[in-house]
Amino acid sequence: MVHERVMEKLAILADAAKYDVSCSSSAGQNKRKNQNKGLGDTGNGICHAYTEDGRCVSLLKILLTNHCIFDCAYCVSRKSNDIKRAAFTVQEVVDLTIGFYRRNYIEGLFLSSGIFDNPDYTMERLVRIAKKLRLEENFNGYIHLKAIPGASDELIKEAGMYADRLSVNVEMPTEKSLKLLAPEKNHADVIKPMEYLKNEIVGHKEEKKLNFKAPLFAPAGQSTQMIIGATQENDLEILGMANYFYEQMNMRRVYYSGYVPISYDNRLPAIGTPVPMIRENRLYQADWLIRFYGFNVNEIVGFDQPNLDLDIDPKLGWALRNLHQFPVDINSADLELILRIPGIGVTSAKKIVSARKFKRLQPEDLKKLGIAYNRSKFFLAFSSPFYLQKDLTSIQIKEQILNIQNSKYQNNFSNQLSLFQ
Amino acid sequence: MTLLIYDGTFEGWLTAVFEIYEYKFEDVIFAKDENSNALFFLKTHFVETDNAKANRVLKGLKKNLSPSGITNMYHAFFSELPQIEESLFRFATYVFSSSKNIEGDLSNNAVLNIQKAAHLTGKESHRMKAFVRFKLTKDNLYYAIVEPDCNVLPLIQKHFKNRYADQKWLIYDTKRKYGIYYDLENVSTVELTFDSNPSSSKFLAEISDEDEEFFQNLWRNYFKSVNIESRKNTKLHVQHMPKRYWKNLTEKIPNLKK
Ligand code: SF4
């Protein structure tokens, strides 16, 4: 490699890729194992570093090139943007990935690209890189490729043979916004490859069940990303769209990316407008509630309240709107109900269910188990005749909880969910 | 009160437990080496690690614990928390005295302490899997220096062996002064003596592969490029990447040469 040039390209093409958040290296159910003394395995996915903004770095996330024939307003690589352009060669990307992986900097590669020339030409190169890594370098680490909208089915299929995950970014939650900001694109271009991928993934999974030697096809499934706050959609529309992806497209993850203003374009928030980080965080929390806590989208946002509260998390919000479901007796309630208590996360709920087999749990026990008792106490019932509980209104409860929060958790939130319980 | 001096291995600790029952010691304290605390007024007992005895204790524990309960004990042992041997002993006594599995009894202090210690070690070994940074030498050896709070090398060797099956590597714990070395076949424990300071730049320049510095600078550059300034959140950054690891993290060390 010509050192200086590669250094410069990396700076340009990593910088351009950084706004894409869908980069975690969650392994598929069929993990790629290192069986023939090659290099790497997909394991469980490790965050090797964290950026100064607190996001996890687990993959070498770069664009193959930031040349693009399109002009999407929200994208730094858009044709009309006056920036330095660069393009990696196939071999350079391979060398970088291997060099970084061998030093334990990364779990694998996340490769996206601007569209140069035409979709197939671009996609073909992405596939060549993945193929080279797998076949020539004997690489079993994680590979996530972007499926370029408009690329032919055959190429997307080939990509699935070598990649662990594929993603097509919908970017805008509604057709209307997409038309506004990326007039050359339409939703169908994005939905079509998603649908194709879904069918292929399901088909390969079935085959794998019958014959475990059948080849892997994107074992970690597909994901997509929506940009939040660039346009006017409310959280109901956004979560509704996400729900559609989870249910209709078998999506593994939907990522929400708070819009970082990057251009002077009167269709978009002006440069200097703050990134909607709290809202983004709330969307991730809501997404978790739907995927892991058994909540319905409609329980979290509805037509009467289409946006998530910014000052409290969606689980607390739900509880406060549904005080009639409480208090819950943790000594007898089902796991599903315990999971709905604010301040109790999945791990804590399981701990409670296991510890209560040995004795009736009291408030002291909950504190011992590491539960945010100060938060959950408003929603708990203890079956003791001496236990008195005041009837508080939801406004009073909210006030008291916000008081604790302000002293403890202020400014401490993550876009990938760290303190949410 | 009896002071039990054992060799610091898990098998040694298991042997000690056997002998506590064998000799009916009451009120025991564990120590790893004889000079550790000169509590000469105590009765002292030297434990000679004995696999047969250790296995019998392990078998007894397995009768009433799930595999993950045993793993938890093993992990807790490597936490090296103060008095962890005594806590483990209290836990073991509880296991032996009960007819059913007590792992889930988290409102019991012995159980809770072991679980917490195991969790601590688990977290530390997970972090080490993430924060090991290999450097390549002229002799094609990938080596890394670490300084974990818990003794995690025994717990991470399998991970690295599976992952880097086709490269020779060495991970050295400067705090405990031993390392694990993979020679493309097996992983073995090694002790090293360095002629000069292993982190001095002169030493590094002498032993490094010619592309090593380039890759380190690339990585640092990459780390800088992916940061989004307008989203800066130092508190979160430090929470995920505690400062005590920084001195061995390539991306946190300024460029060797500009
Ligand atoms: S097609 Fe992709 S890379 Fe090109 S401008 Fe649109 S979003 Fe950016």
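Chemist: Explain the packing of helix H3 (residues 119-135) of chain A against helix H4 (residues 153-162) of chain A to me, and be specific about the residues and the numbers.
Modeler: What describes two packed helices is the angle between their axes and the distance between those same axes. Residues and elements named next belong to chain A. The interhelical angle for the contact between H3 and H4, taken along N-to-C directions, is 25°, at an axis separation of 9 Å. On the basis of their axis angle, the class for H3 and H4 is roughly parallel. Along this stretch, H3 crosses H4, giving a crossing that reads as left-handed. When H3 is examined against H4, the residues Asp-120, Met-123, Glu-124, Val-127, Ala-130, Lys-131, Arg-134 and Leu-135 are found in contact with a partner set consisting of Leu-155, Glu-158, Ala-159 and Tyr-162. The residue makeup of the contact of H3 with H4, split by class, is seven nonpolar, no polar and five charged.

Chemist: Give a detailed account of the sheet that holds strand S4 (residues 135-136) of chain B, specifying residues and quantitative values.
Modeler: Residue and element names in this part refer to chain B. A sheet is described by the order of its strands in space; here five strands give the open sequence S4-S5-S6-S7-S8, paired in mixed fashion. Two strands close off the open sheet at either side, each with one partner strand: S4 and strand S8 (187-190). Sheet analysis places strand S7 (residues 178-182) next to S8, joined by four bridges and oriented antiparallel. Residue pairing for S8: Tyr-182 is matched across the bridge by Val-187.

Chemist: Please provide a residue-by-residue account of the interface of chain A and chain B, values included.
Modeler: Across the boundary between the two partners, chain A contributes 62 residues, which contact 59 residues of chain B. In this assembly, chain A and chain B are joined by four salt bridges. Of the charged contacts in the structure, one is a salt bridge between Arg-103 of chain A and Glu-212 of chain B, with a shortest N-O distance of 2.9 Å. Remark: the boundary between chain A and chain B carries 24 residue pairs in polar contact (both at pLDDT 80 or more). Those elements that provide at least two residues to the side of chain A that touches chain B are helix H1 (3-17), strand S1 (49-50), strand S3 (59-63), helix H2 (90-102), helix H8 (277-292), helix H12 (346-355) and helix H13 (363-368) of chain A. In terms of residue class, the side of chain A that touches chain B is made up of 28 nonpolar, 17 polar and 17 charged.

Chemist: Give me the nonpolar core: which residues, what numbers.
Modeler: Counting 183 residues, the largest nonpolar core has Phe-100 of chain A together with Trp-13 of chain B as its most contacted members. Leaving out residues up to four positions away in the same chain, Trp-13 of chain B has contacts with Tyr-6, Phe-30, Met-73, Phe-77, Glu-85, Leu-88, Phe-89 and Ala-92 of chain B. If you look at the next biggest cluster of nonpolar residues, it comprises 13 residues, including Cys-72, Ala-73, Ala-230 and Leu-268 of chain A.

Criteria and cut-off values
Residues numbered from 1 in each chain as written. Chains lettered and ligands numbered in written order. Predicted model: local features only at pLDDT ≥ 70, side-chain atom pairs only at ≥ 80, totals over all residues. Heavy atoms only, no water. Axes fitted to C-alpha atoms, helices over the stretch in contact; angles between N-to-C directions. Helix = DSSP H or I, 4+ residues; strand = E, 2+ residues; numbered from the N terminus. Parallel < 35°, antiparallel > 145°, perpendicular 65-115°, else oblique. Left-handed = near helix turned anticlockwise from the far one by under 90°. Contact = heavy atoms within 4.5 Å. Nonpolar A, V, L, I, M, F, W, Y, C, P; charged D, E, K, R; others polar. Pairing = 2+ DSSP bridges. Salt bridge = Lys/Arg side-chain N within 4 Å of Asp/Glu carboxyl O. Polar contact = N/O pair within 3.5 Å; in protein donor to acceptor, adjacent residues only side chain to side chain. Core = buried A, V, L, I, M, F, W, Y, C linked by side-chain atoms within 4.5 Å. Buried < 20%, exposed > 50% of the residue type's maximum accessible area, 1.4 Å probe, protein only.

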